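# Overview (structure and organization)
Chain residues, written in single-letter form:
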Amino acid sequence: MTHVELAGLKKSYDGKKNVIEQVDLQLQQGEFFVLVGPSGCGKSTILRMIAGLEPITDGELFVNGKRMNDAPPNKRDLSMVFQNYALYPHLNVEQNITFGLHTKKISREEQRRRCLEAAEMLGLADYLRRKPRELSGGQRQRVALARAIVTQAPLCLMDEPLSNLDAKLRTRMRSEIRQIQRKLGITMIYVTHDQTEAMTMADRMMILHEGEAMQIGKPLNIYNHPANTFVASFIGSPAMNVMEADVSPSEIGLSPHCTLPNPMKGNVKAASKNVQVGIRPEHILFSAPEQADAVVEVVNTEVLGTETLITFILDNAKDQWIARWNGQWQFSVGDRIPIRFDLDAIHLFSKDNGRILWAANDGQPNQTAREVLR
Amino acid sequence: MILAKRISLYTVLVICAIIMMFPIFYAFSISFMDGGEVMGGQLLPSSLSLDNYLEVFQKVPLLTYLLNSFVTSAIVMIGQLLVSSLAAFAFVFMKFKGRDFVFFLFISTMMIPWEATMVPNFMTIQSLGWTNSYLGLTIPFFALAFGTFLLRQHFKTIPQELYEASQVAGISRFRFFWNVILPVSRSSLITLGIYSFLTNWNMYLWPLLVTNTESARTVQIGLKQLQTQEIASDWGIVMAGVVIVILPTLLLLFAGQKKLQKGLTQGAIK
Ligand SMILES: Nc1ncnc2c1ncn2[C@@H]1O[C@H](COP(=O)(O)OP(=O)(O)O)[C@@H](O)[C@H]1O
Ligand SMILES: [Mg+2]
């Protein structure tokens, strides 16, 4: 069942320039939806329009099929978690968690019961009497979560809730938030600039760039089938290698010494367009010298323990490629190594508008692999 | 070396303090002397007699004056706190067209000296028939540009998200103001409260204009009255009056010193 629908949503702060261009989106009941994009792309603006904190310039917002453009925030039946947690500094944890519940005509006992339940769930039971300034960052974050939980609102909005936490805690809270959302069955709209958070948490996600939706879909679909160069380089870490190439109907020339067969042979019209080649770091492979597509020069290696990131150049020193190989590889700078490109995982983008022209695994998503991965 | 530096620093500070405090100390000292001792130029009274204090209460209705001053100062303080905090709240948390312009207009009234508007104010009060009443002594001071400015600076340090969170929770604007903004801004409110109480306590010109009966006058006018009456030659009595009048000021300053400093510098640091 559709829970939230955005239809042609637009936003302009100054009446001239649109900060949000035409966002269309349908969220299912119980879905964990992530809005992801670089900072300043308009994620918070969309969230705040859904919450009713910012007026909608154009387009429509429906919640459970009812038009909600002009409803005040408290009539929209949602809860919200802010980036800076927005805890009331003069109230203790319990008062913070239950603050505002009285407006929903909830009895004192019921408030207390819900507060204890949420505190229990988030491991805050021992801190109910403390003031926010006596808590660590992670605990404050949990109080903010608890405050959203006790409202029992069916829709929860979160604006970069983890960005003030250290890396370790962030990983833990990621899975905790996801588990709570599943347990309570609420619909979640989660804003982040961190593609890892988006990839690991989302049921579906939308990649936003300068107020425009670049792509909407399941994380792995987007990872495997980026719609354009922006998505290709934003999702995935390290980013996909996207390089300009000289194309002829039969060949793609990456450098004077490295040419690949042009996979678009069949499509003559597209084949002669200006293209950019995209290939993920894990699809550049170490090769036996006789099968190598190129011999490249190593400019840096980062050994991460289970895998190694190798930065290399072909001929043009300005275009640095990254490959990711399992295991621990030790090269020194300047080493020349033979590599091979996995032609089944190559993407070709238009040089003019960045759109995808051709992808090797187009149309036949690797179903089994996805089933296993999920 | 450091010790020597410290000693010289403290010596300078102590000398300055003595120079500053001397008039108050001397007034305090005179208030215990009889006429002869004052004329003799003595620095300390020969005995601690409270005669002057008893007399000052008999010569002028000082108790009435004290009460009047206390009540008007308290009313003005509460009025200023309410009006300033509500105005500052509007300037920080409510969005409306021309908000900043209105604020600067508001602030620019600080450049007009109070004395310049005194005559029109007096005429208004007179035509309302508020002379010789608390109304005339207090209401013209409720709107205070400085107070609004001070509180606005503090309110601006409160994250907007607190307001947004309470909007989402369905808390009314006034309840948010009362239950969140005021408690969070306690130190600024105390600062402003002390400031406005003292300012009003020390006011002279306006009470002189709008009061002409003994039952409505305030202490500062009482002091002037002491000097102009025939008892003026009896400095002991005048100084006893002075000591009684500055006592509340000093008490308030000592009690609120920390808060006052904190509140006045808070906006500046942030
Ligand atoms: N209140 C505002 N007034 C004017 N412009 C704003 C306002 N809030 C955000 N913007 C602009 O809108 C764009 C999107 O901002 P925002 O939604 O906060 O981005 P994000 O949350 O993705 O970092 C930015 O260019 C920002 O400068
Ligand atoms: Mg943001």
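Treat the numbers as computed from the prediction; the structure is a model and nothing was measured.

About the criteria used
- All residue numbers refer to position in the chain's written sequence, counted from 1.
- Going through the entries in the order they are written, you letter the chains from A and number the ligands from 1.
- With pLDDT at 70 or above as the cut-off, local features in this predicted model cover only qualifying residues; side-chain atom pairs require 80 or more to be listed or tallied, and sums for whole chains, interfaces and linings still use all residues.
- Side-chain metrics rest on all non-hydrogen atoms present in the structure, leaving aside hydrogens and water.
- In this text, near means that some heavy atom of the residue lies within 4 Å of the molecule or strand in question.
- Any pair of nitrogen or oxygen atoms within 3.5 Å is treated as a polar contact; in protein, a donor-acceptor pairing is required on top of that, and neighbouring residues in sequence qualify only through side-chain atoms on both sides.
- Only strands that DSSP links by at least two bridges are regarded as paired with each other.
- What counts as a helix is a DSSP run of H or I of at least four residues, what counts as a strand is a run of E of at least two, and both are numbered from the N terminus.
- Here an angle of 0 to 180 degrees is reported between the N-to-C directions of two axes, which are lines fitted to C-alpha atoms, with helices fitted over the stretch in contact.
- Residue contacts are counted whenever heavy atoms from the two residues lie within 4.5 Å of one another.
- The salt bridge criterion pairs a side-chain nitrogen of Lys or Arg with a carboxyl oxygen of Asp or Glu, the two atoms within 4 Å.
- A 1.4 Å probe rolled over the protein chains alone gives each residue an accessible area, and that area as a share of the maximum for its type sets the label: buried under 20%, exposed over 50%, partly exposed in between.
- UniProt positions are given in the numbering used here, feature names are shortened, and annotations may be inferred rather than shown by experiment.
- In this description, a nonpolar core means a group of buried Ala, Val, Leu, Ile, Met, Phe, Trp, Tyr and Cys residues linked to one another through side-chain atoms lying within 4.5 Å.
- We call Phe, Tyr and Trp rings a pair once their centres come within 6.5 Å, taking the six-membered ring for Trp, and we label the pair stacked below 30 degrees between planes, edge-to-face above 60, and tilted otherwise.
- Charges are assigned to positions over rings by a cutoff of 6 Å between ring centre and Lys NZ or Arg CZ, combined with an angular limit of 35 degrees from the ring normal.
- Residues are said to line a cavity or pocket when one of their atoms sits within 4 Å of a point; the points come from a 1 Å grid over protein atoms alone, cavities being sets where a 1.4 Å probe fits but cannot get out and pockets being open sets with protein on both sides within 12 Å along at least five of seven lines.
- Grid points are joined across faces, edges and corners, and a volume is the space filled by probe spheres set on the points.
- In this classification, the charged set is Asp, Glu, Lys and Arg, the nonpolar set is Ala, Val, Leu, Ile, Met, Phe, Trp, Tyr, Cys and Pro, and all remaining amino acids, among them Gly, are polar.
- Should an angle lie under 35 degrees it is considered roughly parallel, over 145 roughly antiparallel, and from 65 to 115 roughly perpendicular; all remaining angles are considered oblique.
- Helix crossings are classified by the rotation of the near helix relative to the far one: an anticlockwise turn of less than a right angle makes the crossing left-handed, while a clockwise turn makes it right-handed.
- Summed over both partners, the accessible surface that disappears when two parts come together, traced with a 1.4 Å probe, is what is meant by buried area.

## Re the site of ligand 1
All names here are of chain A. Ligand 1 sits among Tyr13, Val19, Ser39, Gly40, Cys41, Gly42, Lys43, Ser44 and Thr45. Between ligand 1 and Lys43, the relevant distance is 2.9 Å, taken from an oxygen atom to a main-chain nitrogen or oxygen of the residue. Between an oxygen atom of ligand 1 and a side-chain N or O atom of Ser44, the distance comes to 2.6 Å.

## A few points about the sheet that holds strand E3 (residues 32–36) of chain A
Residue and element names in this part refer to chain A. Strand order in the open sheet formed by six strands is E6-E7-E8-E3-E9-E10, with mixed pairing between adjacent strands. Each having just a single partner strand, strand E6 (78–81) and strand E10 (212–217) make up the two edges of the open sheet. Pairwise comparison of adjacent strand axes, ignoring direction, gives a mean angle of 15° for this sheet. Pairing between E6 and strand E7 (residues 155–159): four bridges, direction parallel. Its bridge partner lying in E7, Ser79 is registered against Cys156. Against the sheet, helix H1 (residues 43–51) makes contact with E3, E6, E7, strand E8 (187–192) and strand E9 (204–209), and its axis sits at roughly 150° relative to E7, the strand it touches most. Across the face of the sheet, helix H4 (residues 137–150) comes into contact with E6 and E7 while running at roughly 175° to E6.

## Details of the pattern of salt bridges
Within the structure shown, the criterion is met by 20 salt bridges over all chains. Between A:Glu110 and A:Arg113 there is a salt bridge whose closest N-O contact spans 3.1 Å. Of this pair, A:Glu110 and A:Arg113 are both found in helix H3 (residues 108–121), three residues apart, which corresponds to roughly one turn of the helix. Here A:Arg113 falls in the partly exposed class, since its relative accessible area comes to 41%. Here the salt bridges do not stand alone but share partners, grouping A:Lys11, A:Arg48, A:Glu54 and B:Glu164 into one network.

## Description of the UniProt feature "transmembrane region" (unreviewed entry) in chain B
Residue and element names in this part refer to chain B. Cross-referencing UniProt, the feature "transmembrane region" (unreviewed entry) maps to residues 7–28, 70–94, 101–122, 134–155, 176–198 and 235–255 in the present numbering. Helix makes up 100% of residues 7–28 and strand 0%. Its end C-alpha atoms lie 29 Å apart. Summarising residues 70–94: 96% helix, 0% strand, and an end-to-end C-alpha distance of 35 Å.

## Some remarks on the nonpolar core
Ranked by size, the top nonpolar core spans 56 residues in total, and within it A:Leu6, A:Ile46, A:Leu157, B:Phe93, B:Phe155 and B:Phe176 carry the most contacts. Among the nonpolar cores identified, the runner-up in size contains 45 residues, and A:Leu87, A:Ile97, A:Met158 and A:Met201 belong to it.

## Observations regarding unusual backbone geometry
Residue and element names in this part refer to chain A. That bond from Ser237 to Pro238 is cis: its omega, -5°, falls within 30 degrees of zero. With respect to the helices, strands and loops of the structure, Pro238 is situated in the loop between helix H8 (229–234) and strand E11 (241–247). For Gln22, which is not a glycine, the phi torsion comes out positive at approximately 50°. Secondary-structure assignment places Gln22 in strand E2 (residues 20–28). The class for Gln22 is partly exposed, based on a relative accessible area of 41%.

## Focus on the packing of aromatic side chains
As enumerated under the stated definition, the model contains 31 aromatic pairs over all chains in all. The interplanar angle of 50° and the centroid separation of 4.9 Å between the aromatic rings of B:Phe146 and B:Tyr195 together place this pair among those described as tilted. Of this pair, B:Phe146 sits in helix H8 (residues 145–155) while B:Tyr195 is found in helix H11 (residues 186–201), placing the two residues 49 residues apart along the sequence. For B:Phe146, a relative accessible area of 22% corresponds to the partly exposed category. Pairwise contacts between aromatic rings join B:Phe89, B:Phe93, B:Tyr163, B:Phe174, B:Phe176, B:Phe177 and B:Trp178 into one cluster. Directly above the ring of A:Tyr223 sits A:Arg280, whose terminal nitrogen or CZ lies 3.8 Å from the centroid.

## Comments concerning empty space enclosed by the protein
Considering all chains together, one arrives at two cavities of 30 Å³ or more under this definition. Taken together, 17 residues form the lining of the largest cavity, with A:Arg147, A:Thr151, B:Ala165, B:Val168 and B:Ala169 sitting closest to its centre. Of all the secondary-structure elements, those providing two or more residues to the lining of the largest cavity are E6 and H4 of chain A together with helix H9 (160–169) of chain B. Taken together, the residues of the lining of the largest cavity break down into twelve nonpolar, three polar and two charged. Looking at the second largest cavity, its volume works out to about 50 Å³. Around the second largest cavity sit B:Thr72, B:Leu137, B:Asn200, B:Met203, B:Pro207 and B:Thr218, which together line it. Residues of the lining of the second largest cavity, tallied by class, amount to three nonpolar, three polar and no charged.

## Regarding the packing of H9(B) against helix H10 (residues 173–184) of chain B
Residues and elements named next belong to chain B. For the pair H9 and H10, the least separation of the axes is 10 Å and the interaxial angle reads 130°. Looking at the two axes, H9 sits oblique to H10. Where H9 crosses over H10, the two elements pack in a sense that is right-handed. Here H9 contributes Leu162, Tyr163 and Ser166 to the contact with H10, which in turn contributes Arg173, Phe176 and Val180.

## Re the sheet that holds strand E5 (residues 66–67) of chain A
All names here are of chain A. Pairing within the open sheet is antiparallel, and its four strands lie in the order E2-E1-E4-E5. Taken across any chain shown, the strands that pair with only one partner, and hence form the sheet edges, are E2 and E5. With two bridges joining them, strand E4 (residues 58–63) and E5 adopt antiparallel strand pairing. Its bridge partner being in E5, Val63 is matched across the sheet by Lys66. Strands in contact with H1 are strand E1 (2–11), E2 and E4; relative to E1, the strand with the most contacts, it is inclined by about 120°.

## Here's the deal with the UniProt feature "domain: ABC transporter" (unreviewed entry) in chain A
When the UniProt feature table is mapped onto this chain numbering, "domain: ABC transporter" (unreviewed entry) sits at residues 4–235 of chain A. Helix makes up 34% of residues 4–235 of chain A and strand 25%, whereas the separation of the span's terminal C-alpha atoms amounts to 25 Å.

## A word on the environment of A:His347
All names here are of chain A. One can find His347 in strand E20 (residues 346–350). Along the chain, His347 and Trp358 lie eleven residues apart, while their C-alpha atoms are 6.0 Å from each other. Not counting the four nearest positions on each side in its chain, His347 is found in contact with Asn224, Pro226, Met240, Gln276, Val277, Gly278, Ile356, Trp358 and Ala359.

## Re the interface of chain B and chain A
On the chain A side, the residues contacting the 18 residues of chain B number 21 residues. Between chain B and chain A, the buried area comes to about 1,600 Å², and carbon and sulfur atoms account for 65% of it. It is B:Leu162, B:Glu164 and B:Val168 that lose the most area in chain B upon contact with chain A, and together they represent 33% of the buried surface on that side. Across the chain B-chain A interface, the total number found is one salt bridge. Among the ionic pairs, B:Glu164 bridges to A:Arg48, the shortest N-O distance being 2.7 Å. At the junction of chain B and chain A, the tally comes to six residue pairs in polar contact (both at pLDDT 80 or more). Taken together, the elements giving at least two residues each to the side of chain B that touches chain A come down to H9 and H10 of chain B. Per-class residue counts for the side of chain B that touches chain A are ten nonpolar, four polar and four charged.

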